[in-house]
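Descriptive analysis of the structure
Here's the letter readout for the chains.
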Amino acid sequence: MEPLKLTGANDFFFPQETTLRFKFGPRGDMPPVEMMWYDGQKNFPPLPAGYGPTTNNAADVPATNMDGTFTPSALSPGKIIYSKELTFKGGSHGATLEIIPKEKAAEMASRLPEVPASPSNHFANFLLACQGLEKTRSPFELFGPMCQTFALGVVAIRTGRKLTFDAASKTIVNDPFANALLVGNPPRRGWEAYYNM
């Protein structure tokens, strides 16, 4: 992982804007992949042609203001996924992906699977899944490794340096200080098993 932009970062505060690049090597039959992370109120990714509206319905996004309201930014939180042949646009918090541009989506409409109606929002789904009443739409087997990836990104932000993580040994191999940050404070007694990567 490599920090490409860290605006206003110092030893006491996280940056106002961050751009991180994550590179993953090939896995089995899957090719290498690159993932970019952008955050900050004015730090946006380049938008592909046909992206469409940059703001979306905030029904599944938590309130961000003290008064409980949601203020949309110039670009809503979300994701852009580039495959070999298609480009996808998705909002935040488990929002359904859509193919862009709309003309390509219309051309493929008859061949696309139907997305079942959601009985609950993203947050209610999590609580209901904890009770065994629904299946999570963000499965832990996918979300867990993603959280670990972004935790490594936080270490890259903290150091401000390009880091190389070895998944087999679960260590950052090119920076002893950054690797020490992976350990952190010792867990409370009885919780040790939950702190293993």
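Since the model is a prediction, treat every value here as computed from it, not as a measurement. For every chain, the first residue of the written sequence is number 1, and numbering continues from 1 along that sequence. It should be noted that, the model being predicted, local features are given only for residues of pLDDT at least 70 and side-chain atom pairs only at 80 or more, the latter also being counted only at that level, while totals for whole chains, interfaces and linings use all residues. Side-chain measures here rest on the full set of heavy atoms in the structure, leaving out hydrogens and waters.

**Considering the overall build of the chain**
For helices the rule is a DSSP run of H or I covering at least 4 residues; for strands it is a run of E covering at least 2, with both sets numbered from the N terminus onward. Across its full length, the chain holds four helices and eight strands. Beginning at the N terminus, the succession of helices and strands in the chain can be written as β-β-β-β-β-β-α-α-α-β-β-α. Residue burial is assigned from relative accessible area. The probe radius is 1.4 Å, only protein chains are included, and a residue is buried under 20% of its type maximum, exposed over 50%, and partly exposed in between. The burial tally for the chain puts 20% of its 197 residues in the buried class. The contacts of the chain with a sequence gap of at least 6 include a subset with a gap of at least 24, amounting to 32%. Note on definitions: a residue-residue contact is assigned when non-hydrogen atoms from the two residues lie within 4.5 Å.

**Some remarks on the sheet that holds strand β4 (residues 79-82)**
Two strands make a pair as long as DSSP finds a minimum of two bridges between them. An order of β4-β5-β6 is seen for the three strands of this open sheet, with the pairing classed as antiparallel. Single-partner strands in this sheet number two, and they are β4 and β6 (98-100). If you compare each strand with its neighbour and ignore which way they point, the axes differ by 35° on average. Relative to β6, strand β5 (residues 87-90) runs antiparallel, the two being bridged by three bridges. In this analysis, axes come from line fits to C-alpha atoms, helices being fitted only over the stretch in contact, and the angle between any two N-to-C directions falls in the range 0 to 180 degrees.

**Things to note about the side chain of E134**
One can find E134 in the loop between α2 (122-130) and α3 (140-159). A distance of 2.9 Å separates the side chain of E134 from the side chain of S120, its partner in a polar contact. In terms of polar contacts, E134 uses its side chain to reach the side chain of N125, at 2.8 Å. Excluding residues within four positions of it along the chain, E134 makes contact with P119, S120, N125, L128 and A129. Two N or O atoms form a polar contact when they lie within 3.5 Å of each other; inside protein one atom must be a possible hydrogen donor and the other a possible acceptor, and for residues adjacent in sequence the pair counts only when both atoms belong to side chains.

**Focus: the pattern of salt bridges**
Take a side-chain nitrogen of Lys or Arg and a carboxyl oxygen of Asp or Glu: if they are within 4 Å of each other, that pair is a salt bridge. Applying the stated criterion across every chain, the model contains seven salt bridges. One salt bridge connects E98 with K102, and the closest N-O pair in it is separated by 3.8 Å. For E98, a relative accessible area of 35% puts it in the partly exposed group. What makes K102 exposed here is its relative accessible area of 58%. Among the salt bridges present, the one from K104 reaches E107, with a minimum N-O distance of 3.5 Å. Highlighted residues: K104 and E107, both in helix α1 (residues 102-108), separated by three residues, approximately one helical turn. Given a relative accessible area of 29%, K104 falls into the partly exposed group. Taken together, the shared-partner salt bridges connect E2, R21 and E34 into one network.

**Some points on the pairing of β5**
Sheet analysis places β4 next to β5, joined by four bridges and oriented antiparallel. Along β5, the bridge assignment pairs I80 with K89. Linking two consecutive strands that pair antiparallel, namely β4 and β5, is a turn of four residues.

**A closer look at the environment of R161**
On the secondary structure map, R161 appears in the loop between α3 and β7 (165-166). A relative accessible area of 38% places R161 in the partly exposed class. Considering only alpha carbons, one finds R161 and D175, 14 residues apart in sequence, at a separation of 8.8 Å. Beyond its immediate stretch of four places on either side in the chain, R161 contacts M1, P3, A156, D175 and F177.

**Here we look at the sheet that holds strand β2 (residues 17-24)**
Picture the strands of a sheet paired through backbone hydrogen bonds; they go either parallel or antiparallel. A sheet is described by the order of its strands in space; here three strands give the open sequence β1-β2-β3, paired in antiparallel fashion. Each end of this open sheet is capped by a strand with a single partner; those strands are β1 (2-7) and β3 (33-39). Averaged over all adjacent pairs, the angle separating strand axes in this sheet is 5°, with direction ignored. Both β1 and β2 contribute to a ladder of five bridges, which runs antiparallel. Note that in β2 the partner of T7 across the bridge is E17. Of the strands in this sheet, β1, β2 and β3 touch α3, which is tilted by about 125° from β2.

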